[in-house]
Amino acid sequence: MISLKNVSVDYTDFVLDTITLEIGEGEFFVLMGPTGAGKTVLLEAVAGLAPLSKGEIFVDDRKISSIPPEKRGIGLVYQDYALFPHMTVDQNIRFGLRYQGRTGPFKARGEHHIGEWEQEYHRLVDILDLQNLLHRRPATLSGGEAQRTALARALIMKPQLLLLDEPLSALDTRFREEIRHHLRELHAATETTFLMVTHDFHDALALGTKAAVIHKGRIEQTGHIREIFRKPATRFVADFVGMVNVIEADIDGKRGVAVAGGSEIVLMTNSTTKREAGRRRQYIAIRPEDIVLSRKELQSSMRNHFWGKISSIQDHGIAYEVHCMLGELELISHVTRGALVDLELEEGMDICVSWKAAAVHIL
Amino acid sequence: MNSTAVQNKRAGVSGRRRPDPFFWVNLSIGSIILIFILLPLIEMLTAPTLQAIKETIVDDEVYRSIWLSIYTAVLAAGISFILGTPLAYILARHDFFGKRFVEAVIDLPIVIPHPVIGIAILSVAGKNHWLGQILQSIGIRLMGSVEGIITVLVFVGVPLYINSAKSGFESVDPRLESVARSLGSSPSSAFFRVSFPLAWRSMLVGIVMAIARAVSEFGAVVVVAYHPMIAPILIFERYEAFGLRYSQPVAFWLIIVSLTLFFCLRALTLRGQQEVTRR
């Protein structure tokens, strides 16, 4: 268990203000917040790279806030990978092995000798599919390959905690899913606790179990990811996570649908939904801006079309919030003032509600 | 690297366009400068007869002075490297009160007139100063000695080395060191395994500049040590005693030797650069 107690960091241009967090052993914890909210500084503080002005950090009952970074047993993966450019992939991964058995926390955690580290090396190279890249230099790697190397380099040290700084945001979309998959796999295959920061709620939903939302150097809300999306505690959190429509549904992975309130919602068939083989009760979420309203059924690639009734329209300044009832199901859609006038939307009228399969997030 | 490629491409594109008159004006004025630099040097290299050149190099005095110039310059650069690197690293990595002042102090030897440097060094190395007394008690004399020459050359060369090494360290992302620390490196280990190899080329460039500076030094050395004679002083002496025609062949050899040295080092640094680029 990792706990931060009243941690503050004072930079001249930035303050992290009395952060208290508890992260359970082996958890995948996500710290969400907009760019500039202090996420990276918090990671650096945990790693021992940013000095604390107040507070303490514990790993289990060991107080680590006063020991140097190299003795903490905490791994760190930066957003832009920070691979050593003068070393090959192989040399990058092996960088830390030289210190094994010499520094405190690693020594304390069992009698590993060289053979076992070699085994760990091959295991990670296998999982992360790095066999063909070992002799390459970082400059020749794609973003995804570089990120896999950085992950192997950190995890070979068997850290108790792995800090991930926006591990997906620098990647092309095609590598994102791949790295997400690897992160899930690695989290399952190691005993390491993961602490990931991200400004992207997709990543948070895809990977995390518990989460906290940070804003202007303060924690706004902590809890299960689902809870944060369902019940945002503050106005900021609500805006940040986008007031998602969170619906309890029965997921049928084989057919790729979710059944909620009598409606069958078509899901994207990807690795996530395939994993959900068999029916299971879960939460799904749809962002209000992904829900399209129309008077007639639209001819488009969107695979979810339902007829419903507008139950209420609320003015939110820039956007209007339109509540629609699809049978027992209530969905909120955001529309602009222009669209509201064009469609002549009124309370009580019948309306066609559509959204893409990809807009449905399984929590 | 990508941005340079883009820049090169842009330069290429604009180069294909027809340059305007302003470009030609700049080019003409620029050529004047190039001719201004090259003409006297070429004249000096071609003026001495082959006979004179041959005679000069077998002249023991010439040979010894050039050797002394090179040897003291390299040694001085070596001292700058060992003593200057830690300061360059601190300046690149830390912000502290008075940093600007320290940087200004490092630049001082560049702006002080050279004979003044010689006099300043002599004034602390003399019998009347406590430092001079300590040096004397351990048997080191700066006045008129090789030690004196090296001291002066370190003084004039170390700013160039430190500034170059500092920019080298600044170009190494501090987060690489952070990652090294998280992987178990102590601060010194992170320095030697990450920052040092990545800044090595800048350090080498700094060393080359310090050597170049030292080989060309005259004003400060002439005050501290007229003898043993380094090459610039010998050239000056021959010019004073016998005139232009007798100093030219010595100058010829000094230029040849230093150019050879710099081309070697330049080749070395370029090879390092290609290695990083090729990867």
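Residues numbered from 1 in each chain as written. Chains lettered and ligands numbered in written order. Predicted model: local features only at pLDDT ≥ 70, side-chain atom pairs only at ≥ 80, totals over all residues.

Secondary structure summary: chain B contains 13 helices and zero strands in total. N-terminal to C-terminal, the α/β element order of chain B is α-α-α-α-α-α-α-α-α-α-α-α-α. On the principal axes, the C-alpha backbone points of chain B span a range of 60 × 60 × 30 Å. When each of the 279 residues of chain B is scored for burial, the buried share is 34%. Summarising the internal contacts of chain B: among those between residues at least 6 apart in sequence, 78% fall at separations of at least 24. (Helix = DSSP H or I, 4+ residues; strand = E, 2+ residues; numbered from the N terminus. Buried ≥ 20, exposed ≤ 12 C-beta atoms within 10 Å, placed from the backbone. Contact = placed C-beta atoms within 7 Å.)

It is worth spelling out the overall build of chain A at this point. A tally of regular secondary structure across chain A gives eleven helices and 20 strands. For 363 residues, the compact-globule estimate of 2.2 N^0.38 gives 21 Å, and the C-alpha radius of gyration of chain A, at 23 Å, lies within 12% of that figure. The C-alpha extent of chain A, read off along each of the three principal axes, is 70 × 45 × 35 Å. Looking at chain A residue by residue over its 363 residues, the buried ones come to 41%. Expressed as a percentage of contacts within chain A between residues at least 6 apart in sequence, the contacts between residues at least 24 apart total 68%. (Rg over C-alpha atoms; globule rule 2.2 N^0.38 Å.)

Now for the interface of chain B and chain A. If you look at the interface, chain B gives 15 residues, while chain A gives 21 residues. Elements with a minimum of two residues in the side of chain B that touches chain A: helix H9 (174–182) and helix H10 (187–215) of chain B. Sorting elements by how many residues they give to the side of chain B that touches chain A places H9(B) first, with six residues. Among the residues making up the side of chain B that touches chain A, the classes are represented as six nonpolar, five polar and four charged. (Nonpolar A, V, L, I, M, F, W, Y, C, P; charged D, E, K, R; others polar.)

Residues and elements named next belong to chain B. At a minimum axis distance of 8 Å, the contact between helix H8 (residues 146–170) and H10 shows a crossing angle of 155 degrees. Considering their axes alone, H8 and H10 lie roughly antiparallel with respect to each other. Viewed along their axes, H8 and H10 form a crossing whose handedness is right-handed. Residue-level inspection shows Leu153, Val156, Gly157, Val158, Leu160, Tyr161, Ser164, Ala165, Ser167, Gly168 and Phe169 of H8 in contact with H10, the latter providing Ser195, Ala199, Arg201, Ser202, Met203, Val205, Gly206, Ile207, Met209, Ala210, Arg213 and Ala214. (Axes fitted to C-alpha atoms, helices over the stretch in contact; angles between N-to-C directions. Parallel < 35°, antiparallel > 145°, perpendicular 65-115°, else oblique. Left-handed = near helix turned anticlockwise from the far one by under 90°.)

Right, let's talk about the sheet that holds strand E18 (residues 329–336) of chain A for a bit. Hydrogen bonds between backbone atoms are what pair the strands of a sheet, whose relative direction is either parallel or antiparallel. Residues and elements named next belong to chain A. A sheet is described by the order of its strands in space; here five strands give the open sequence E15-E19-E16-E17-E18, paired in antiparallel fashion. A strand with exactly one partner marks an edge of an open sheet, and here the two such strands are strand E15 (292–294) and E18. Sheet twist, expressed as the average angle between the axes of neighbouring strands with direction ignored, equals 45 degrees. Pairing analysis gives eight bridges linking strand E17 (residues 319–326) to E18, with the strands arranged antiparallel. Residue pairing for E18: Tyr320 is matched across the bridge by Val335. (Pairing = 2+ DSSP bridges.)

Another point: the confidence of the model for chain A. For chain A, per-residue confidence averages 84 on the pLDDT scale, and residues scoring 70 or more make up 91% of the total. Low pLDDT, under 50, characterises residues 102–109 of chain A; the predicted model gives this stretch twelve contacts beyond four residues in sequence or across chains. (pLDDT = per-residue confidence, 0-100.)

Here we take up the nonpolar core. Counting 160 residues, the largest nonpolar core has Leu163(A), Val152(B) and Val224(B) as its most contacted members. With 13 residues, the single largest contributor to this core is H8(B). (Core = buried A, V, L, I, M, F, W, Y, C linked by C-beta atoms within 7 Å.)

Here we take up the pairing of strand E2 (residues 14–23) of chain A. It is a general feature of regular strands that their side chains alternate between the two faces of the sheet. Here strand E1 (residues 2–11) of chain A pairs with E2(A) via seven bridges, running antiparallel. Across the sheet, the residue bridging to Val7(A) is Ile19(A), located in E2(A).

Moving on to helix H4 (residues 60–93) of chain B. With 34 residues, H4(B) ought to run about 50 Å at 1.5 Å a step, and its terminal C-alpha atoms sit 49 Å apart, in line with that. Approximately 45 degrees is the largest bend angle found in H4(B), and it occurs at Gly84(B), with the proline Pro86(B) only one to four residues beyond. (Expected span 1.5 Å × (residues − 1). Bend = angle between axes of the 7 residues up to and from the residue.)

This part covers the domain arrangement of chain A. Residue and element names in this part refer to chain A. According to the domain assignment, chain A consists of domain 1 (2–241) and domain 2 (245–362). When each unit is reduced to the centre of its C-alpha atoms, the spacing between domain 1 and domain 2 is 34 Å. On the side of domain 2, six residues touch domain 1, which itself brings six residues to the contact. Contributing elements (two or more residues each) for the side of domain 1 that touches domain 2: helix H7 (201–207) and helix H8 (225–230). (Domains from an automatic or database assignment.)

Strand order across the open sheet formed by four strands is E2-E1-E4-E5 (chain A), with antiparallel pairing between neighbours. Each edge of the open sheet carries a strand with a single partner, namely E2 and strand E5 (62–63) of chain A.

With that settled, consider the pairing of strand E4 (residues 54–59) of chain A. Residues and elements named next belong to chain A. For E1 and E4, the ladder comprises five bridges, and the chain directions are antiparallel. Pairing of Leu4 across the sheet is with Ile57, part of E4. As defined by bridge partners, E4 adjoins E5 across two bridges and the pair is classed as antiparallel. Each bridged residue has a counterpart across the sheet, and for Phe58 the counterpart in E5 is Lys63. The antiparallel pairing of E4 with E5 creates a hairpin that spans two residues between the two strands, and Asp60 there sits at a positive phi of about 50 degrees.

In this section: unusual backbone geometry. Cis rather than trans, the peptide bond between His227(B) and Pro228(B) has omega equal to -10 degrees. The phi dihedral of Tyr81(A) falls on the positive side, at around 75 degrees, and the residue is not glycine. Locating Tyr81(A) in the fold gives a position in the loop between strand E6 (74–77) and helix H2 (89–94). A residue is classified by how many C-beta atoms lie within 10 Å of it, and Tyr81(A), with 22 of them, is buried.

Moving on: the environment of Ser312(A). Residue and element names in this part refer to chain A. Checked against the element boundaries, Ser312 lands in strand E16 (residues 304–316). By the C-beta count within 10 Å, which is 13 here, Ser312 ends up partly exposed. On a C-alpha basis, the gap between Ser312 and His323 in space is 5.2 Å, while along the polypeptide they are eleven residues apart.

Pairs of packed helices are described in terms of their axes, by the angle between the two and the distance that separates them. Residues and elements named next belong to chain B. It is the contact of H4 with H8, at a shortest axis distance of 6 Å, that shows an interaxial angle of 40 degrees. Remark: the crossing between H4 and H8 carries right-handed chirality. The residue inventory of the contact of H4 with H8, partitioned by class, reads 21 nonpolar, five polar and three charged.

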